[in-house]
Amino acid sequence: IGAYNLPVLKAPGFEADDLIGYAAKHAAAAGYNVTIFSGDKDMMQLVGGHIALFDPLKERPIGPAEVKEKFGVTPSQVTDVLALMGDSSDNIPGVPGIGEKTAQALIAEYHSIENLLAHTAGIKKPKLKASLTEHAETARLSKVLATIKTDFDLPLDYEAWHRREPDTARLAALFTRLGFKTFLAELGQAAVPAAGGGSPAPRPPETEISKNYRTIFTKQALEEVIAILNKSGGFAVDTETTSTNPVDAALVGISLCAKEGEAWYLPLGHDYLGAPAQLAKAEALKLLKPPLEDAAIPKYGQNLKYDITVLAGEGVAVNPVGFDTLIASYLTAPEERRHGLSYLAQRYLGLAMIEYEDVTGKGAKQVTFNQVSTDRATEYSAEDADMAFRLTSILKAEIEAEGLKDLYYTIEQPLICVLAQMEQNGIKLDVPRMKEYSKTLEKKLHTLEKEIHAAAGEEFNIASPKQLSAILFDKLGLAKQRKTKTGSSTDQGVLETLAMEHPLPALVLRHRVLSKLKSTYVDPLPGMVSPRTGRIHTSFNQAVAATGRLSSSDPNLQNIPVRTEEGREIRRAFVAENGHLLISADYSQIELRILAHLSGDGLLKESFKNDEDIHTRTAREIFGAIGGSTPEMRRAAKAVNFGIIYGQTAFGLAQELAVSRREAQGYIDSYFARYRGVREFIDATIKKAREERVVRTMFGRKRSFPEIGSANRAVREMAERMAVNTVVQGSAADLIKKAMLDIAPKLGKLHSKMLLQVHDELIVEAPEKNADKVGEAVRNLMEHAVRLSVPLKVSVESAPNWGDMH
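Residues numbered from 1 in each chain as written. Predicted model: local features only at pLDDT ≥ 70, side-chain atom pairs only at ≥ 80, totals over all residues. Heavy atoms only, no water.

Q: Please set out the overall build of the chain residue by residue, giving values where relevant.
A: Tallying secondary structure elements over the chain gives 31 helices and 22 strands in all. In terms of its C-alpha atoms, the chain occupies a principal-axis envelope of roughly 90 × 75 × 55 Å. Out of the 806 residues in the chain, the part that is buried amounts to 48%. In the chain, of all internal contacts separated by at least 6 residues, the share reaching a separation of at least 24 is 62%. Looking at the chain, you have 98 positive and 103 negative side-chain charges, and the mean spots of the two groups are 3 Å apart. (Helix = DSSP H or I, 4+ residues; strand = E, 2+ residues; numbered from the N terminus. Buried < 20%, exposed > 50% of the residue type's maximum accessible area, 1.4 Å probe, protein only. Contact = heavy atoms within 4.5 Å. Lys, Arg positive; Asp, Glu negative; His and termini not counted. Charge placed at Lys NZ, Arg CZ, Asp CG, Glu CD.)

Encoded structure:
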């Protein structure tokens, strides 16, 4: 708004609607013709005289006739209709049982709420009469809430409201940061680069930046490029394929860049009708293999893990990884969701890139890359390599400036190759077992449906929130918990509360759990087995979670439940190859141990050094139980222990333990009274975060919290909780990554493979005869990955399948 030079009217203590209404009435009284640009139905009460509405979405004016068409009343009666029908979006309660049509008919007949309530004796419908009589005060209050207030005195300076030209430089900087390419084009501006301080300097138009992209069709041309690569001191590489799944993707082409503005595209698999002759893939890769594998020449790129995996499938090992712009961008701003190459090119270079869909098309008309013309492919792919090359030097400097050099070069960058190898390894799935389990779940769901319909007294669509709501609240008369825009909520929290009153909600919850497991894992997983390897290959994402934790996708193998029998049965379908075993190595209470180390709390450290059950010890400290604690006390203590890390409030703890909020607050107070070091650590972390707006893990990983200074208490307190959690959880994430780096080179010598990382657990596949030796080696490396002031502890199990290890 400021960049567009639009005038702003604001006043403490006033709602925006009231200010709009006051300005409109005031200006109309002064002789101006006023148009309010809004589709908000509340604004219709202002229409009339010199005031009109214009709905910018429907692009139509709204006058008294349109108000009459919408509400069946005059603009002055709109508040009466709104008061009767209510409006959940504006927290106007309305009168129960009265909808829009009934409200319109009543006001058309009685003209106002006040007159209607004075004549309720004449209403013939008993329910309607009773509701109006019982909720008369609510109706009056609703009218007050629905009425836009204009009866106050506020000075208005019309001269300051004249139209001014936008500040195009400021808008260009803003649109660059937000990635609004269309708006940039409308401004006629190039994007602007990020700056260390002050307003970013404008960039020259895109056409002034040198781009020399060429296509390689002959062996001689490729040899000339290779000679340049060999002398380059480092080059960017990018692959084009037929799929986002690197294990099964077919290589279509490779782009290379060793100098800003100069890049080459080597087409290898374009097979559209009329495609030009291309070098044979085997011949081209044989020539490219030496520079790609030369340890003296760094390789740069955006999301190099993908390219490493694709080329590994062709027998080429990309070595070494010199710099990955995706990972570097993520480290500098982990709270930022965008780290794509196009966004980075806009942000740092002021360039708008060609998008993938610009060359392949969209939706049903989209083609795979092998169907893209080699000319267009060169424009797109060579640009990718060029941008990655240009961004490398910029992001290297930023990594250094942000104090992230050690974290990037000793953990995140080496991890790229480890994760790429894990993705290539994959894990075997027992497909017949999974398909059989699908049938088992189908039977369970069918039985549950019958039980649900019997408990409801009728058949209905269990997956329909609207139909379920009607059964629970209208038919069974259970208490409504929370409203949504479409009616009363039937989410998990609501059903868990209602389950204490009636058996139906618990049955529905059970049905939802089984249905989700079936649709998310049991049915799709067999179809995700690679036809080339016969294994499932998940993707490990390094640049997603702001805390530094790895995530898993396509499929997500980190979220399979471990504590339910259904989850364990799904895990049992993940099996070792014949003659092998799966080994699980799981850190014990890693985050609590890190909390003990970071806080220096004497009690916590003593418990871990003595190898005590930390939850039993905490129960004794909180409840003062001499010689032990009851299971209920231990459960409460466990909730407090982990709640402290995640910043759980008394309200959240009370819900989890089914106790009063006061009792839950007592547990938390008692904890901090005994564990003073933890309290001091949390307070110090929050204080530093407030001062610097940034927190860091043990390994230097950073995360920004600008919202920690918010005037909104809820936003501020959420940021404080996340700041503490980031330090602890982020340190744990870094520690596990360090362990993975230590373990990976040792496994090859033991003929074993690392397959999965699931939070605090690593899954390794080893020959059965070596399983014990591998398990002990992994345990030792994990327990000594980092030296803390408390011992690290790892539990190791082995079994033919994943599910039998927990």
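On we go.
Q: Let's hear about the packing of aromatic side chains: which residues, and what values?
A: As enumerated under the stated definition, the model contains 19 aromatic pairs in all. Geometrically, the ring pair formed by Y158 and W161 is edge-to-face, given 5.6 Å between the ring centres and 85 degrees between the ring planes. Assessed through its relative accessible area of 32%, W161 is described here as partly exposed. Consider the rings of Y408 and Y409, whose centres lie 4.8 Å apart with planes at 85 degrees: the pair is edge-to-face. The class of Y408 is buried, set by a relative accessible area of 0%. Among the aromatic residues, those joined into a cluster by ring pairs are Y4, F175, F180 and F183. (Phe/Tyr/Trp six-rings, centres within 6.5 Å; stacked < 30°, edge-to-face > 60°.)

Q: Explain the pairing of strand β17 (residues 580-587) to me, and be specific about the residues and the numbers.
A: Within β17, six of the eight residues are buried, which leaves the element mostly enclosed by the surrounding structure. Bridge count for β17 against strand β21 (residues 761-767) is seven bridges, and the pairing is antiparallel. Counterpart to S584 in the pairing with β21 is I763. Relative to strand β22 (residues 794-799), β17 runs antiparallel, the two being bridged by six bridges. Note on β22: the bridge partner recorded for S584 is E797. (Pairing = 2+ DSSP bridges.)

Q: Pulling in residues and values, what's your account of the pattern of salt bridges?
A: Under the definition given, this model contains 47 salt bridges. Between R163 and E165 there is a salt bridge, and its shortest N-O distance comes to 3.2 Å. When its relative accessible area of 71% is taken as the criterion, R163 is described as exposed. Through salt bridges with shared partners, one network takes in R433, E565, R568, E569, R572 and D804. (Salt bridge = Lys/Arg side-chain N within 4 Å of Asp/Glu carboxyl O.)

Q: Describe the sheet that holds strand β20 (residues 753-758), naming the residues involved and giving the relevant values.
A: Ordered by their spatial adjacency, four strands build an open sheet running β20-β21-β17-β22, and the pairing between neighbours is antiparallel. Edge positions in the open sheet fall to β20 and β22, since each of these has one partner strand only. Put simply, the sheet's adjacent strands are angled 20 degrees from each other on average, direction ignored. (Axes fitted to C-alpha atoms, helices over the stretch in contact; angles between N-to-C directions.)

Q: Give a description of the nonpolar core that names residues and reports values.
A: Ranked by size, the top nonpolar core spans 162 residues in total, and within it Y587, L595 and Y671 carry the most contacts. Counting residues per element, this core draws most heavily on helix α30 (residues 713-749), which supplies 13 residues. Not counting residues up to four positions away in its chain, the partners in contact with L595 are G600, L604, I644, I645, Y671, V678, F681 and V728. Counting residues in hydrophobic clusters, the runner-up holds 45 residues, among them A23, A28, A83 and I148. (Core = buried A, V, L, I, M, F, W, Y, C linked by side-chain atoms within 4.5 Å.)

Q: Just give me the short version of a nonpolar patch on the surface, but keep the residues and values in it.
A: A cluster of nonpolar side chains, contributed by I1, Y4, L6 and V8, occupies part of the molecular surface with about 400 Å² of accessible area. Turning to its location among the elements, Y4 is positioned in the segment before α1 (16-29). (Patch = residues over 30% accessible without salt bridge, like charges linked within 9 Å, V, L, I, M, F, W, Y side chains within 5 Å. Areas by Shrake-Rupley, 256 points an atom, 1.4 Å probe, with all protein chains shown as cover.)

Q: Tell me about the environment of Y521, residues and numbers included.
A: Mapped onto the elements of the fold, Y521 is located in helix α21 (residues 503-522). Along the backbone, Y521 and F54 are 467 residues apart, and their C-alpha atoms lie at a distance of 49 Å. Apart from the residues within four sequence positions on either side, Y521 is in contact with K516, P526, N556, N559, I560 and I570.

Q: Got a sec to walk through the sheet that holds strand β1 (residues 34-37)? Specific residues and values, please.
A: One open sheet accounts for three strands, arranged β1-β2-β3; its pairing is mixed. Edge positions in the sheet fall to β1 and β3 (60-62), since each of these pairs with one other strand and no more. Each neighbouring strand pair of the sheet contributes to a mean axis angle of 30 degrees, computed without reference to strand direction. Alignment of strand β2 (residues 51-55) against β3, held across three bridges, turns out to be antiparallel. Residue pairing in the sheet places L53 in a bridge with I62 of β3. Relative to the sheet, α1 contacts β1 and β2, its axis offset from that of β1 by approximately 165 degrees.

Q: Describe in detail unusual backbone geometry, supporting the description with residues and values.
A: Cis geometry marks the peptide bond from N319 to P320; its omega dihedral reads -10 degrees. Tracing the backbone shows P320 in the loop between α12 (304-312) and β9 (321-324). In this model, D554 is joined to P555 through a cis peptide bond whose omega is 0 degrees. Among the structural elements, P555 can be located in the loop between β15 (551-553) and α22 (565-572). Unlike most non-glycine residues, D554 shows phi in positive territory, near 55 degrees. Within the secondary structure, D554 sits in the loop between β15 and α22. Notably, H751 is not glycine yet its phi reads approximately 55 degrees, a positive angle. For H751, a relative accessible area of 61% corresponds to the exposed category.

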